[in-house]
Amino acid sequence: MPKAYLAVRAEVPEADRARFDHWYETDHLPWALRSFGARRAWRAGARATPRSTSPFTKFDSVAAAEATQQTAEGTKALVADFDRVWAGRVPRRREILEMVHELRP
């Protein structure tokens with residue numbers, strides 16, 4: 001089965017960035033990794049748009065990634081916590097990406 005990634009893109013106001021980064025690194029992303037049973041999790045920032053941050057969680061299959069969107073223990077609880085902490089100040093969107101091609105040296 002192909003690998004899949006749950007990708008989230010968030011736009012963080014500059015005034016909230018340090019607090020957001022700390023919360024995401026120490027609370028939210030570790031919780032997502034545990035809750036989803038993902039293989040890995042990390043976050044990247046767009047150099048051209050410093051407000052933009054994109055966390056990723058890696059799964060062995062599209063089905064495993066899609067399953068995270070269905071469970072109360074998974075995305076629903078994380079979304080509720082995100083909304084509680086950031087109260088609509090940080091817009092975001094999620095999508096599941098499927099690995100379609102990979103090159104290795």
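Structure shown above.
Caption draft 1: Structural detail: the nonpolar core. A10, V12, F20, W23, Y24, L29, F82, V85, W86 and V90 together form the largest nonpolar core, which totals 10 residues. At the level of secondary structure, the elements contributing two or more residues to this core comprise α1 (17-36) and α3 (72-86). The element contributing the most residues to this core is α1, with 4 residues. Residues contacting W23, with those up to four places away along its chain left out, are H28, D81, F82, V85 and W86. If you look at the next biggest cluster of nonpolar residues, it comprises 9 residues, including A32, F36, V62 and A65.

Rules behind the numbers
Residues numbered from 1 in each chain as written. Predicted model: local features only at pLDDT ≥ 70, side-chain atom pairs only at ≥ 80, totals over all residues. Heavy atoms only, no water. Core = buried A, V, L, I, M, F, W, Y, C linked by side-chain atoms within 4.5 Å. Buried < 20%, exposed > 50% of the residue type's maximum accessible area, 1.4 Å probe, protein only. Helix = DSSP H or I, 4+ residues; strand = E, 2+ residues; numbered from the N terminus. Contact = heavy atoms within 4.5 Å.

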